[in-house]
Protein chains: 2
Amino acid sequence: MGVIAAGQQPQDVLAQELAAEMAAVNVLIRERMASRHAPRIPEVTAHLVEAGGKRLRPMLTLAAARICNYQGPFHVHLAATVEFIHTATLLHDDVVDESAQRRGRPTANLLWDNKSSVLVGDYLFSRSFQLMVETGNLRVLDILANASATIAEGEVLQLTAAQDLATDEAVYLQVVRGKTAALFAAACEVGGVIAGAAVPVTRALHDYGDALGIAFQIADDLLDYGGSSALIGKNTGDDFRERKVTLPVIKAVARATPEERAFWVRVIEKGDQRAGDLERAVALMGRHGAMAAARDEALVWAERARAALTSVPAHELRAVLADLADYVVARIN
Amino acid sequence: MGVIAAGQQPQDVLAQELAAEMAAVNVLIRERMASRHAPRIPEVTAHLVEAGGKRLRPMLTLAAARICNYQGPFHVHLAATVEFIHTATLLHDDVVDESAQRRGRPTANLLWDNKSSVLVGDYLFSRSFQLMVETGNLRVLDILANASATIAEGEVLQLTAAQDLATDEAVYLQVVRGKTAALFAAACEVGGVIAGAAVPVTRALHDYGDALGIAFQIADDLLDYGGSSALIGKNTGDDFRERKVTLPVIKAVARATPEERAFWVRVIEKGDQRAGDLERAVALMGRHGAMAAARDEALVWAERARAALTSVPAHELRAVLADLADYVVARIN
């Protein structure tokens, strides 16, 4: 673990080690998000892209390609592809969730309108598609096409699972795979595939990304009941207000007394939310150990992510990816 | 023209000649629009897909493949791909336009909600992507990726061009290429490409589809000021209410007196529309020959479509495609 200085966070180490390639990714993103004909497009995308974000997904692609000893140049295209897909889904998510804040700034649907967010999202998705076709690698295209379908399916499932206390942990896992883990898994896998890595290695990279994504999303869903708005760049309590049935809610509902269950029915199913309800929800989660239980599950997925890496070639970045799995859960504390 | 019986419309002849393959396309569409996890998806897509529509785009793909002597099976995948892309854009269009009626039925955004329309559109787009990857043909993927980007760009351009009387015929043409001609052109071209046709042939098929799409859209935009709701399955005057600057408007504005110009500024730019305004708009278009001039342009594009076919192998379906170009404009009368 020679590349990690004491106290440095794994994603900062990744950013540092991959700085030259990430610069190329950023050039490509800026170039391809432009439009000769429709100036609204770069306005909207610049707002989102320049807000930064962690760029975790493209770094996963670049790291996987480097670990598999790829000499380029198409890992840069694939990293940009993955970021475009991510940005497109954010634009559509914010329309669907009627969100007002993203990455600490007002959302595009608030600054422009829902129409622009829908259509610019479509544009970015089609641009991502052009980028991946340029690689000329059919296996990569197959992986990304399947990931796109899983993402869209997960989003629709989330829509129907929200406001429904019958949503169980299996449905939650399906939603999480769609909204987060599918793209993490594809981002890692295509980095190995473009490098010509053997199937056991690309499968391990997929499994790492899948488990990392699930750990990441469980942690995110916990932070929504505990983090501060400044820290995670979105508003705490968003999921509660949107009546999403996330893991801490599922666990608290499973252990609820009849009186508590009536509370959950009112706030989640009926959407009748009053002052103090969010605080009461958090208190109920604490009382039944729902937060701790959800955190334990995130840790199990982080451990699975680490374990998957044993089938990946030894490399100093492999150690950073292993630490990243712990880190996404450690954010909760 | 042995396959055309007297009085039969060209698209009915296509439907009849391609019936067996269209049955296979419909099976594939039904199979792939399903979702194991999210039942909302087939509900929404069935509503749209079963409303019928003319299925013109998939028939163009099948016809092009047959003219180029393709033996299958991937023209069926490509025809379904093209219909999925079309259906996905309809779902997103209806959200953007806040439409209430499509193909003579209430729109999905009205029956479910905008969220479902956005996300199910994304799902269909990703399913189309999976279907085209299955063909394993990188040139086909390149053509469809580029068409997708042109479609999305055209939609955004339409958004910013609406409500703006400075929109000229060049911008209009760009919008029309995006919203209609790009997919018509790609639908025709990929039919030739999958059949291994020579570049002059696939280019001619592209040019035919492009010109056909433009003629079709100009005619559609004219019908919006003259057709009846029952005839075209949407409400006459939709474009006027949505303040879209289509070809007859551009031509009427170019010839407007100062007083007439004030009318157009009020109804299109300011969006202050009153009872009788649609009728007045139609009257102004008639007075300046705007409708006739737009119709003449549609005829020029239809002629270009016919002319492009001279570079395509002689075939009885080629004659039907030629007649189709005349027919899409003849609808206006």
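If you're wondering where the values come from, they're calculated on a predicted model, not measured in any experiment.

> A description of the overall build of chain A should follow, citing residues and the corresponding values.
When helices and strands are counted, chain A shows 17 helices and two strands. Taken over 333 residues, chain A has a buried fraction of 53%. In chain A, once contacts between residues fewer than 6 apart in sequence are set aside, the share between residues at least 24 apart is 75%.

> Provide a residue-level description of helix 9 (residues 169-194) of chain A, including the pertinent values.
Residues and elements named next belong to chain A. Largest kink in helix 9: about 50°, centred on Ala 181. Here helix 9 lies mainly inside the structure; 22 of its 26 residues are buried. Count one or two residues on from helix 9 and you reach Gly 196, which has phi positive near 75°.

> Please set out the packing of helix 5 (residues 74-97) of chain A against helix 7 (residues 114-134) of chain A residue by residue, giving values where relevant.
All names here are of chain A. Taken N-terminus to C-terminus, the directions of helix 5 and helix 7 make an angle of 160°; their axes are 8 Å apart at the nearest point. By the angle between their axes, helix 5 is roughly antiparallel relative to helix 7. Between helix 5 and helix 7 lies a crossing of left-handed hand. Here His 77, Leu 78, Ala 80, Thr 81, Phe 84, Ile 85, Thr 87, Ala 88, Leu 91, His 92, Asp 94 and Val 95 of helix 5 come into contact with helix 7, specifically with Asn 114, Ser 117, Val 118, Val 120, Gly 121, Leu 124, Phe 125, Arg 127, Ser 128, Leu 131, Met 132 and Glu 134. When its residues are assigned to classes, the contact of helix 5 with helix 7 shows 13 nonpolar, eight polar and three charged.

> Account for the relation of the copies chain A and chain B, with residues named and values stated.
Of the transformation placing chain A onto chain B, the axial shift is 0.0 Å and the rotation is 180°, giving an RMSD of 0.0 Å. What the rotation and shift describe, once combined, is the action of a two-fold rotation axis.

> Summarise helix 16 (residues 290-308) of chain A; cite the residues concerned and give the values.
All names here are of chain A. Taking 1.5 Å of rise per residue, the 19 residues of helix 16 would be expected to cover 27 Å, and the 27 Å separating its terminal C-alpha atoms lies within 8% of that figure. Within helix 16, the full set of buried residues consists of Ala 290, Ala 294, Ala 298, Trp 301, Ala 302, Ala 305 and Ala 308. Buried residues in helix 16, looked at end-on, bunch into an arc of 120°, giving them a common side. The elements touched by buried residues of helix 16 are helix 10 (199-223), helix 13 (247-254), helix 15 (277-287) and helix 17 (316-330).

> Go over the interface of chain A and chain B with me, naming the residues and quoting the values.
On the side of chain B, 37 residues touch chain A, which itself brings 37 residues to the contact. When residues of the side of chain A that touches chain B are traced back to their parent elements, those giving at least two are helix 3 (40-50), helix 5, helix 7 and helix 8 (138-161) of chain A. By residue number, the principal contributor to the side of chain A that touches chain B is helix 8 of chain A, which donates 14 residues. Looking at the side of chain A that touches chain B residue by residue, the classes come out as 19 nonpolar, eleven polar and seven charged.

> Tell me about the confidence of the model for chain A, residues and numbers included.
Scored by pLDDT, chain A comes out at a mean of 89, with 89% of its residues at no less than 70. Confidence metrics for the complex model read pTM 0.91 and ipTM 0.88.

> Before we move on, could you go through the environment of Val329(B) and cite the residues and values that matter?
All names here are of chain B. Checked against the element boundaries, Val 329 lands in helix 17 (residues 316-330). For Val 329, a count of 24 C-beta atoms within 10 Å translates into the label buried. Excluding anything up to four places from it in sequence, Val 329 contacts Ala 215, Ala 219, Ala 298, Leu 299 and Ala 302.

> Describe unusual backbone geometry, naming the residues involved and giving the relevant values.
Residue and element names in this part refer to chain A. The omega angle of the peptide bond from Gly 72 to Pro 73 is 5°, so this bond is cis rather than trans. Residue position: Pro 73 is located in the loop between helix 4 (56-67) and helix 5. The phi angle at Arg 243 is positive, at roughly 60°, despite the residue not being glycine.

> Which residues make up the environment of Glu98(A), and what are the values?
Relative to the helices and strands, Glu98(A) resides in the loop between helix 5 and strand 1 (101-102). Considered as a pair, Glu98(A) and Glu242(A) are 144 residues apart in the sequence and their alpha carbons are 8.9 Å apart.

Criteria and cut-off values
- Residues numbered from 1 in each chain as written.
- Chains lettered and ligands numbered in written order.
- Predicted model: local features only at pLDDT ≥ 70, side-chain atom pairs only at ≥ 80, totals over all residues.
- Helix = DSSP H or I, 4+ residues; strand = E, 2+ residues; numbered from the N terminus.
- Buried ≥ 20, exposed ≤ 12 C-beta atoms within 10 Å, placed from the backbone.
- Contact = placed C-beta atoms within 7 Å.
- Bend = angle between axes of the 7 residues up to and from the residue.
- Axes fitted to C-alpha atoms, helices over the stretch in contact; angles between N-to-C directions.
- Parallel < 35°, antiparallel > 145°, perpendicular 65-115°, else oblique.
- Left-handed = near helix turned anticlockwise from the far one by under 90°.
- Nonpolar A, V, L, I, M, F, W, Y, C, P; charged D, E, K, R; others polar.
- Least-squares fit on C-alpha atoms with pLDDT ≥ 70 in both.
- Expected span 1.5 Å × (residues − 1).
- Arc of directions from axis to C-beta.
- pLDDT = per-residue confidence, 0-100.

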